[in-house]
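# Examination of the molecular architecture
So the chains spell out like this:
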Amino acid sequence: MAEKSVPNMRHYGRQLFICNHGDCAPAEHAERLHRLVLERNRQQELNKLRNPHRIKCTLADCLGVCQGGPIVVVYPDGTWYHGVDEAGLERIYREHLVGGKPVEELIFHRHFPEGKEPAYAPQVRGDEELAPPPWEPLKKAEELQLESEDRAGEEAQLRRLAARRTRKKKGLVIVNTGEGKGKTTAALGLLTRAWGRRMKVGVIQFLKHENARFGEIRAAERMGEIDWISSGDGWTWTSGDLDETAARARHTWTVCQERILNGGYDVLILDEFTYPLHYGWLDGNEVLAWLEANKPPMMHLVITGRYASRNLIDFADLVTEMRPIKHPFEEQGIRAQPGIEF
Ligand code: FES
């Protein structure tokens, strides 16, 4: 068997994390600090991979503080700095990263008690002889002339960072399926959350009887501002008149199409919509193609019901399967109760 070559570790002395999540301080500020550290590393030759004092600087997602930023953390020391501006960064770089002495005025948290910080790696390894060159004063950001080959790499990195920072949003297609209870209940929980956010919400129920007075319908009336359409015939698993049920489902789908196009909803629930698809009362491919072409990009569409098809699952952004584990009727013969089941 061929012998595996063992990879070499590239030394570094300290690592700097700068939060660019954006809540503790503008992400652009963090990126400016990051560029300054990279530039300073070049000036001080602390970017050389073989230099045991090499300083790694990493833009990090939220560091769990979310206020008073920019937040900068130095490892392995576990020193947390806040409110770091360019001048503060210069001090941290010069006094702490190069000089080994933390900048007390800017520290707000020490991960380790003072004096108990983990040892600086080059000291432990005994390879300190490659000391950093003498300190040069910090240039102003606008004076920094990045070398052209570095600039290309840096710009690519910034593009990646910008893409990561984009808080992408879209209207989701959410499917609650499976044999267990709670598919509609979960959808209504989500609807309540959206209603609480003053979003425009609606429910279209496919099979529930148009005159049904379930608890959730009463709740929607009391809450107000919730469009609720029930246009089924109260179909059950043993329903006799499937033609009537199928015809109502097809009609309800035309209602859905109209509401999706013109209702202006932020969240729309299509309750028990999987059944007309499963039983072939509607053509699943046509329905999905229509949704693909017509669903407003920011509308969240929630579809409930058993037997979600593979195509629907592939089409959806979020799919949850409810799985029965224990049921009061199965185990104890307790029938459906108001406020719990309806
Ligand atoms: S957003 Fe910066 S620490 Fe959380």
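Let us look at the structure shown here. (Residues numbered from 1 in each chain as written. Predicted model: local features only at pLDDT ≥ 70, side-chain atom pairs only at ≥ 80, totals over all residues.)

Further remarks concern the sheet that holds strand β4 (residues 79-81). Read from one edge of the open sheet, five strands run β2-β1-β3-β4-β5, paired in mixed fashion. For this open sheet the edge positions go to β2 (55-60) and β5 (107-110), each flanked by a neighbour on one side alone. Here the strands of the sheet are splayed against their neighbours by 20 degrees on average, with no regard to which way each runs. Looking at chain direction, strand β1 (residues 14-19) and β2 are connected through six bridges and run parallel. When the sheet's bridge partners are listed, Cys-19 is paired in β2 with Ala-60. Along the sheet face, helix α1 (residues 27-44) touches β1 and β2 and points at about 165 degrees away from the line of β2. Sheet strands in contact with helix α2 (residues 86-98) are β1, β2, β3 (72-75) and β4, and its direction is about 20 degrees off that of β3. (Pairing = 2+ DSSP bridges. Helix = DSSP H or I, 4+ residues; strand = E, 2+ residues; numbered from the N terminus. Axes fitted to C-alpha atoms, helices over the stretch in contact; angles between N-to-C directions. Contact = placed C-beta atoms within 7 Å.)

With that settled, the discussion passes to the nonpolar core. Judged by nonpolar contacts, the single largest core of 33 residues is most densely connected at Leu-191 and Leu-270. Going through the elements one at a time, β6 (173-178), α5 (183-196), β7 (201-209), α7 (242-262), β9 (267-271) and β10 (300-304) are the ones with two or more residues in this core. With five residues, β7 is the single largest residue contributor to this core. Counting residues in each nonpolar core, the second largest holds 27 residues, with Val-37, Ile-55, Cys-57 and Val-73 among its members. (Core = buried A, V, L, I, M, F, W, Y, C linked by C-beta atoms within 7 Å. Buried ≥ 20, exposed ≤ 12 C-beta atoms within 10 Å, placed from the backbone.)

Moving on: the packing of α1 against α2. Across the interface, α1 lies against α2 with an axial gap of 11 Å and an inter-helix angle of 40 degrees. The orientation of α1 relative to α2 falls into the category oblique. For the element pair α1 and α2, the recorded crossing hand is right-handed. Two secondary-structure elements touch here, α1 through Leu-33, Leu-36, Val-37, Arg-40 and Gln-44 and α2 through Glu-86, Leu-89, Tyr-93 and Val-98. By residue class, the composition of the contact of α1 with α2 is six nonpolar, one polar and two charged. (Parallel < 35°, antiparallel > 145°, perpendicular 65-115°, else oblique. Left-handed = near helix turned anticlockwise from the far one by under 90°. Nonpolar A, V, L, I, M, F, W, Y, C, P; charged D, E, K, R; others polar.)

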